[in-house]
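Architecture and fold: a report
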Amino acid sequence: MRILFYLVSIVTANVVTARFAPLELGMFIIPMGSFLIGATFIFRDLVQNKFGRKKTYGFILLALVLSATVSFSLGDTLIIVAASALSFLVAETADTEIYTRLKLPMAWRVFYSGIVGGFLDSIVFVVVGLSPLGAGFIPWAAVPAAIVGQIIVKTVMQLVGAMILSQGLAYNDRRLAKAAITTVSKG
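Now for a description of the structure that goes with this document. These figures come from a predicted structure and were not determined experimentally.

Quick notes on the rules
Residues numbered from 1 in each chain as written. Predicted model: local features only at pLDDT ≥ 70, side-chain atom pairs only at ≥ 80, totals over all residues. Heavy atoms only, no water. Helix = DSSP H or I, 4+ residues; strand = E, 2+ residues; numbered from the N terminus. Buried < 20%, exposed > 50% of the residue type's maximum accessible area, 1.4 Å probe, protein only. Contact = heavy atoms within 4.5 Å. Areas by Shrake-Rupley, 256 points an atom, 1.4 Å probe, with all protein chains shown as cover. Axes fitted to C-alpha atoms, helices over the stretch in contact; angles between N-to-C directions. Left-handed = near helix turned anticlockwise from the far one by under 90°. Nonpolar A, V, L, I, M, F, W, Y, C, P; charged D, E, K, R; others polar. Core = buried A, V, L, I, M, F, W, Y, C linked by side-chain atoms within 4.5 Å. Patch = residues over 30% accessible without salt bridge, like charges linked within 9 Å, V, L, I, M, F, W, Y side chains within 5 Å. Salt bridge = Lys/Arg side-chain N within 4 Å of Asp/Glu carboxyl O. Parallel < 35°, antiparallel > 145°, perpendicular 65-115°, else oblique. Phe/Tyr/Trp six-rings, centres within 6.5 Å; stacked < 30°, edge-to-face > 60°. Lys NZ or Arg CZ within 6 Å of the ring centre and 35° of its normal.

Take the overall build of the protein chain next. When helices and strands are tallied, the protein chain shows 5 helices and 2 strands. The helix and strand sequence of the protein chain, counted from the amino end, reads α-β-β-α-α-α-α. Taking all 187 residues of the protein chain together, the buried fraction comes to 40%. Taking all contacts inside the protein chain whose residues are at least 6 apart in sequence as the whole, residues at least 24 apart take part in 71%. In the form shown here, the protein chain has an accessible surface area of approximately 10,000 Å², with 74% of it arising from carbon and sulfur atoms.

Okay, here's the thing in structure tokens:
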């Protein structure tokens, strides 16, 4: 089920980005799919917890192919598809490696690795895909605002996801502790 959530969140982020105009908040330009990127990092971390790092890279490759196929089929130009694929590969790899190396509770690992992944995803996609270097959708003057806008949204979404995960883990720990106490007292 984790793999399905991971893949669906990636496809949904692509569909939402392709189908809806970016949100403009003051000087910030935020593709609507940015609101879903935090979920992809969290689901990737959950996949890694269940299947390990090596198999997770296989799922990342599958997600990359699926993402690029969906992006192209939705009418994105080849430069946008390539920028999306590159930013996805860089961000997911960074998230995987940071998540693997951090020796912290799971919610903190999810939060920190997702922040770095979101940061890299935003920079690579905006510079390679949206700037004059890529498709030219935004001028160089708008690049910093586009990057910062995405980073803010992805960080907030990552924080919300990590908090939900933390609460779920705490609830599960309390439930297991209560079951253990009940078992011991019956024994």
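Moving on to the packing of helix 1 (residues 2-19) against helix 2 (residues 34-73). Put simply, helix 1 and helix 2 touch, their axes get as near as 8 Å, and they point 35° apart. Where helix 1 crosses over helix 2, the handedness of that crossing is right-handed. Across the contact of helix 1 with helix 2, the residue classes break down as 22 nonpolar, 6 polar and 3 charged.

With that settled, the discussion passes to the nonpolar core. Ile-80, Ala-83, Phe-125, Val-126, Leu-130, Ile-138, Ala-142, Val-143, Ala-146, Ile-147 and Ile-151 form the largest nonpolar core, which has 11 residues in total. Elements represented by at least two residues in this core include exactly helix 3 (78-101), helix 4 (106-130) and helix 5 (143-186). The leading source of residues in this core is helix 5, at 4 residues. Setting aside chain neighbours within four positions, we find Phe-125 in contact with Ile-80, Ala-83, Ser-84, Ser-87, Leu-130 and Gln-150. In terms of nonpolar packing, the next biggest core, distinct from the first, is built from 9 residues, Tyr-6, Val-47, Ile-60 and Ala-63 among them.

With that settled, consider a nonpolar patch on the surface. A cluster of nonpolar residues, Val-148, Ile-152, Val-156, Val-160 and Ile-164, forms a patch on the protein surface that exposes about 410 Å² of accessible area. Looking at the secondary structure, you find Val-156 in helix 5.

Looking now at the packing of helix 3 against helix 4. The packing of two helices is summarised by the inter-axis angle and the distance between the axes. Closest axis-to-axis distance for the helix 3/helix 4 pair is 8 Å, and the angle between their directions is 155°. Classified by the angle between their axes, helix 3 and helix 4 sit roughly antiparallel to one another. Helix 4 is crossed by helix 3, and the crossing has right-handed handedness. When its residues are assigned to classes, the contact of helix 3 with helix 4 shows 18 nonpolar, 6 polar and 3 charged.

Inspection of the entire model under this criterion finds 5 aromatic pairs. Seen in terms of ring centroids, Trp-108 and Tyr-112 are 5.5 Å apart; in terms of plane orientation they differ by 25°. Their pairing is stacked. Of the two residues, Trp-108 and Tyr-112 are both situated in helix 4; the distance of 4 residues between them amounts to about one turn of the helix. For Trp-108, a relative accessible area of 45% puts it in the partly exposed group. For Tyr-112, a relative accessible area of 37% corresponds to the partly exposed category. By the ring-pair criterion, three or more aromatic residues cluster together here, those being Trp-108, Phe-111 and Tyr-112. Here Arg-109 stacks its cationic end above the ring of Tyr-99, 4.0 Å away from the centre of that ring.

Taken by themselves, the reported measurements are silent on function.
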